Amino acid sequence: MAFSTANVQTESGSKYLQQLCKHWSHKMVTEFDPKQGRVDFPSGAHLFLEADDSVLRLKLEAPDDNLARMEGVVADHLKRFAFREELTFDWAKAA
């Protein structure tokens, strides 16, 4: 498994966290509250989210050959929810 993280600057992190988890809860196992969330993908990947007043923190765990694709899936979905602002995702490999 490989890991990556991204800290996304936004004042709406809690809103986006909840929207994303609700959106995916129809097809995947999710757990969330206004401050943190988790999504378990059928592919074996896991997304962990934390929100505060200025940043949405993302930690993604996925099979090595699927990490880059999953980064794109997560970013694309969040960008759709945040169409009123420009979100920047600087994914960094993590241990």
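For the structure, check the block above.
Thresholds, definitions, all that
- Residues numbered from 1 in each chain as written.
- Predicted model: local features only at pLDDT ≥ 70, side-chain atom pairs only at ≥ 80, totals over all residues.
- Heavy atoms only, no water.
- Buried < 20%, exposed > 50% of the residue type's maximum accessible area, 1.4 Å probe, protein only.
- Helix = DSSP H or I, 4+ residues; strand = E, 2+ residues; numbered from the N terminus.
- Pairing = 2+ DSSP bridges.
- Phe/Tyr/Trp six-rings, centres within 6.5 Å; stacked < 30°, edge-to-face > 60°.

Caption draft 1: Spotlight on the pairing of strand β1 (residues 2-9). Going residue by residue along β1, you find Ala2, Ser4, Ala6 and Val8 tucked away on one face and Phe3, Thr5, Asn7 and Gln9 left uncovered on the opposite face. Pairing of β1 with strand β5 (residues 55-62) involves eight bridges; the strand directions are antiparallel. Bridge assignment links Asn7 to a residue of β5, and that residue is Arg57. In terms of strand pairing, β1 meets strand β6 (residues 92-94) through three bridges, oriented antiparallel. What sits directly across from Thr5, in β6, is Ala92.

Caption draft 2: Here's a closer look at the packing of aromatic side chains. Summed over all chains, the structure comprises two aromatic pairs. For the pair Trp24 and Phe41, a centre-to-centre distance of 5.0 Å together with 75° between the ring planes defines the contact as edge-to-face. Remark: Phe41 occurs in the loop between β3 (36-40) and β4 (46-51) and Trp24 occurs in helix α1 (residues 13-24); sequence separation between them is 17 residues. A residue is classified by how much of its surface remains accessible, and Trp24, at 6% relative accessible area, is buried. Geometrically, the ring pair formed by Phe89 and Trp91 is stacked, given 6.4 Å between the ring centres and 20° between the ring planes.

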